[in-house]
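Here are the chains, one letter per residue:
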Amino acid sequence: MEKLHFDFRDILWAPARALSAKQIFVMTFFVIAALVVFDIFYYLAQMFAGERLGLVFSAYGFFPFEHFRFDSVPSQISLGAGIVLGILTVMLGFFGVAAINIESIRGNRFFSNIEAIKFAFKRLKQIFLSELAIVLFVAFIVFLFFLLGLLSRIPYLGDWLFALLFALPNFVIAILTVFIIFIFTLSVVLLPAVAAAERHGESFSVILETFSTIIRQPARWFGYTLYALTAAKVCGFIYAYFAYRAVQFIGWATALGGGDNIVRLIRSGLSHLPVKSDLVVETFNIFPGIDFSFAVSGWAMGGTGNPAGYVMAVMLFLIFATIIGYMLAIVAAAQARAFVVIRKIKDDYNIAKESSLFYIEEHVNPEIDEVVE
């Protein structure tokens, strides 16, 4: 069992906690899965729009993050489904990393990455239903206002009815609904951590604790989250820099025996990747608005048409994905530990005293004093 202070010190070391192979692996796995899910629905949207998939793929490849405008309804639905399912997949990654941290807090430091991934898929229904319940509640409020709009069409009486009910209860209901929508957007990072700490897979308790955390401890939660996002960006940049130098070292060391062909192969791999995209540029910049960065675009020139360059592109993409995975793992680890701290402060409940869901210590019989005859 970890020693907890139940204050900012427990969140301070989240970047170091997240810098583990299994947490980066879990988050990277779900980041790549989210990209695959989004790509499938994006190209379905292009197909519904009547576009030639081969031509579109040659233009955007596996990273179609620039063209989101579609005129046809089926295309818009497909794109929307891709975005929603992609976010849900990333939330599973948050859940997996949070589960590793929660189990570590409970005393189980042997919770593996494969177990975390399986546990995330097992709780997919819980996370989905929790978010769906919030969406359905908001949709119900919208439906009530829709009915009010129909009543307002009644000649003469409708205007009076709408005007009299505008402040009470319409305005009160509307501002509460806006607040619920606000928390719903924040739940993308918080709800997976709450679900990871929930022992029975119940959706209602997850929704309740998510709202309770933000409502009862807003300053503390926002402070912890702001620190997590800042630390994720700065530490992600440091990790990216070392990854960049590691790739350079591989190219230099192997070129001693393999010649310039090795460097050209790395350049060929980079030429197949969107190294000039905003995502890549900002990842290799320490912080938005601060011009302190390094670039890899220069390495994308001078490659060859070697088919192995496509395999190299996949390998380089996996390395880049681990950078994003590490950054998001920091956020997930910080959210899990922040929830443990806030739960102790607001409810005086210590999650660290719970038993592990996956590990049971072997029973050890007490020592028996030997009787010497």
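Criteria and cut-off values
- Residues numbered from 1 in each chain as written.
- Predicted model: local features only at pLDDT ≥ 70, side-chain atom pairs only at ≥ 80, totals over all residues.
- Heavy atoms only, no water.
- Helix = DSSP H or I, 4+ residues; strand = E, 2+ residues; numbered from the N terminus.
- Buried < 20%, exposed > 50% of the residue type's maximum accessible area, 1.4 Å probe, protein only.
- Contact = heavy atoms within 4.5 Å.
- Lys, Arg positive; Asp, Glu negative; His and termini not counted.
- Charge placed at Lys NZ, Arg CZ, Asp CG, Glu CD.
- Polar contact = N/O pair within 3.5 Å; in protein donor to acceptor, adjacent residues only side chain to side chain.
- Phe/Tyr/Trp six-rings, centres within 6.5 Å; stacked < 30°, edge-to-face > 60°.
- Lys NZ or Arg CZ within 6 Å of the ring centre and 35° of its normal.
- Axes fitted to C-alpha atoms, helices over the stretch in contact; angles between N-to-C directions.
- Parallel < 35°, antiparallel > 145°, perpendicular 65-115°, else oblique.
- Left-handed = near helix turned anticlockwise from the far one by under 90°.
- Nonpolar A, V, L, I, M, F, W, Y, C, P; charged D, E, K, R; others polar.
- Core = buried A, V, L, I, M, F, W, Y, C linked by side-chain atoms within 4.5 Å.
- Salt bridge = Lys/Arg side-chain N within 4 Å of Asp/Glu carboxyl O.

> Sorry, what's going on with the overall build of the protein chain here?
Along the protein chain, the regular secondary structure elements total 14 helices and 2 strands. Taken along the three principal axes of its C-alpha coordinates, the protein chain extends 90 × 85 × 35 Å. Counting the 373 residues in the protein chain, one finds 42% classified as buried. Relative to all contacts within the protein chain whose residues are 6 or more apart in sequence, the contacts with residues 24 or more apart total 82%. Charge-centre separation for the protein chain: the mean point of 26 positive side chains lies 5 Å from the mean point of 27 negative side chains.

> Would you mind showing me how to read the side chain of Asn 350 here?
Structurally, Asn 350 is set in the segment after α14 (308–347). Within the structure, Asn 350 has its side chain in polar contact with the backbone nitrogen of Ala 352 (distance 2.9 Å). Not counting the four nearest positions on each side in its chain, Asn 350 is found in contact with Phe 6 and Lys 344.

> Would you explain the environment of Tyr 359 in this entry?
Residue placement: Tyr 359 occurs in the segment after α14. Here Tyr 359 falls in the partly exposed class, since its relative accessible area comes to 36%. Here the alpha-carbon distance between Tyr 359 and Arg 106, two residues 253 residues apart in the chain, equals 9.7 Å.

> Please explain the packing of aromatic side chains as it appears in this structure.
The geometry of an aromatic ring pair is captured by the separation of the ring centres together with the interplanar angle, meaning the angle of the planes. All chains considered together, the criterion is met by 28 aromatic pairs. With a centroid separation of 5.7 Å and an interplanar angle of 65 degrees, the aromatic rings of Phe 162 and Phe 166 are classed as edge-to-face. Taking relative accessible area as the criterion, Phe 162 reaches 38% and is therefore assigned partly exposed. Note on Phe 166: relative accessible area 47%, which makes it partly exposed. The side chain of Lys 344 reaches across the aromatic face of Phe 6, ending 5.7 Å from its centre.

> I'm lost on the packing of helix α5 (residues 73–105) against helix α7 (residues 124–151) in this one. Help?
Helix-helix packing is characterised by the crossing angle of the two axes and by the distance between the axes. For the pair α5 and α7, the least separation of the axes is 11 Å and the interaxial angle reads 120 degrees. One finds that α5 runs oblique with respect to α7. Here the hand of the crossing between α5 and α7 comes out right-handed. Here Leu 88, Met 91, Leu 92 and Phe 95 of α5 lie close against α7, whose contacting residues are Leu 124, Ile 127, Phe 128 and Glu 131.

> Could you clarify how one ought to interpret the packing of helix α3 (residues 21–48) against helix α4 (residues 53–60) in this entry?
Contact geometry of α3 with α4 gives a least axis separation of 10 Å together with a crossing angle of 135 degrees. It follows that α3 is oblique to α4 by the angle criterion. Crossing handedness for the pair α3 and α4: right-handed. The residues of α4 that touch α3, namely those facing Tyr 42, Tyr 43, Gln 46 and Met 47, are Leu 53, Val 56, Phe 57 and Tyr 60. Of the residues assigned to the contact of α3 with α4, the class counts are 7 nonpolar, 1 polar and no charged.

> Could you clarify how one ought to interpret the nonpolar core in this entry?
What tends to happen in soluble globular proteins is that the nonpolar side chains get buried as a cluster. Grouped together as the largest cluster of nonpolar side chains are 86 residues, with contacts concentrated most on Phe 95, Ile 127 and Phe 284. Not counting residues within four places of it along the chain, the set of residues in contact with Ile 127 comprises Leu 88, Met 91, Leu 92, Phe 95, Leu 191 and Ala 195. Phe 38, Tyr 43, Phe 70 and Leu 79 belong to the second-largest nonpolar core, a separate cluster that totals 7 residues.

> Just checking my understanding: could you explain unusual backbone geometry for this structure?
Most peptide bonds are trans, and most residues other than glycine sit at a negative phi. A cis amide bond, omega 5 degrees, links Leu 168 with the succeeding residue Pro 169. Even without a glycine there, the phi angle at Phe 6 is positive, about 55 degrees. If you trace the backbone, Phe 6 turns up in the segment before α1 (9–12). The phi angle at Asp 348 is positive, at roughly 55 degrees, despite the residue not being glycine.

> Is there a simple way to think about the pattern of salt bridges in this case?
It is possible for side chains of opposite charge to pair when their charged atoms get near one another. Under the defined criterion, the tally for this structure stands at 10 salt bridges. Residue Arg 199 pairs with Glu 354 through a salt bridge whose shortest N-O separation is 3.5 Å. A residue pair is termed long-range when its members are at least 10 positions apart, and Arg 199 in the loop between α9 (166–197) and α10 (203–216) and Glu 354 in the segment after α14 qualify at 155 residues. Classification of Glu 354 as buried rests on a relative accessible area of 12%. Note that Arg 216 is salt-bridged to Asp 347, the shortest N-O span being 2.9 Å. One end of the pair, Arg 216, is in helix α10; the other, Asp 347, is in helix α14, with 131 residues separating them in the sequence. On the basis of relative accessibility, which here comes to 45%, the residue Arg 216 falls in the partly exposed class. The class of Asp 347 is partly exposed, set by a relative accessible area of 31%.

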